Amino acid sequence: DDSPPLPPDIALPEHIDFDKAQVAPPVPKKRAEASQGTGSKKKGKTDYTAKQAANDAVGKLGEEFAMRYEKWRLKDAGDLADKVVHVALEDDGAGFDIISFEPDGTERFVEVKSTTGKAESLFFVTDAELRRAKEVGERYVIMRVFDLPSDPKCVEIRYPFEGKIDLAAAVYAASFKGE
């Protein structure tokens, strides 16, 4: 994601109209491909520390939006809104960021993918996230949060992902073979 640099005081708007926050999935102009790469097209040296700090800030902002959205979504579902947990604050390897609920009390596992850009910009899904999605099935939702920070919106992508998003291998884990 080649998002513009973020100011240090980045924050979500005080008021977000969550009635209008969830939108339909975008129609992509091109498919995800492994060869698309992840680096900037700009010449010169990339400051990976600054880029990681900006990505972390966008990720935290997206998760904050998702927490607020989930609690808003459950506002009429008894005490369920109070039970939403921001798991990623304690465990970033769980394969999801937030445990929430459907209004009937069914658990909902939310993985947040955030950008300052448009919904259709490339994002990454880890193997751990895919494994968790397969494990919990339709209770798994990728929440694509975009247009951060000024006018945040989201698209929900519920598992199974076939026909909804294209997945292409971008990184492989490699190790030496034993004898």
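Scroll up for the structure.
Just so you know, these numbers come straight off a predicted model, no measurement behind them.

Peer 1: Would you mind going over the packing of aromatic side chains with me for this structure?
Peer 2: Both the distance between ring centres and the angle between the ring planes are used here to describe each pair of aromatic rings. Scanning the entire structure with this criterion turns up eight aromatic pairs. The interplanar angle of 70° and the centroid separation of 6.3 Å between the aromatic rings of Tyr140 and Phe161 together place this pair among those described as edge-to-face. Here Tyr140 is found in strand β3 (residues 140-146), whereas its partner Phe161 is found in the segment after β4 (153-158), with 21 residues between them in sequence. Classification of Phe161 by relative accessible area gives buried; the value is 4%.

Peer 1: Which parts of the structure should I look at to understand the pairing of β4?
Peer 2: Taken together, the six bridges between β3 and β4 define a ladder with antiparallel strand orientation. Looking at β4, one finds that Val145 is bridged to Cys154. Joining the antiparallel neighbours β3 and β4 is a turn of six residues, in which Asp147 adopts a positive phi near 55°.

Peer 1: Teacher, can you tell me more about the environment of Met143 here?
Peer 2: Inspection of the secondary structure puts Met143 in strand β3. Overall, Met143 belongs to the buried group, its relative accessible area being 0%. Note: C-alpha distance between Met143 and Phe109 (34 residues apart in sequence) is 10.0 Å. Setting aside residues no more than four positions away along its own chain, Met143 makes contact with Phe65, Ala66, Tyr69, Glu70, Arg108, Val110, Glu111, Val112, Lys113, Cys154, Val155 and Glu156.

Rules behind the numbers
- Residues numbered from 1 in each chain as written.
- Predicted model: local features only at pLDDT ≥ 70, side-chain atom pairs only at ≥ 80, totals over all residues.
- Heavy atoms only, no water.
- Phe/Tyr/Trp six-rings, centres within 6.5 Å; stacked < 30°, edge-to-face > 60°.
- Helix = DSSP H or I, 4+ residues; strand = E, 2+ residues; numbered from the N terminus.
- Buried < 20%, exposed > 50% of the residue type's maximum accessible area, 1.4 Å probe, protein only.
- Pairing = 2+ DSSP bridges.
- Contact = heavy atoms within 4.5 Å.

By themselves these figures say nothing about function.
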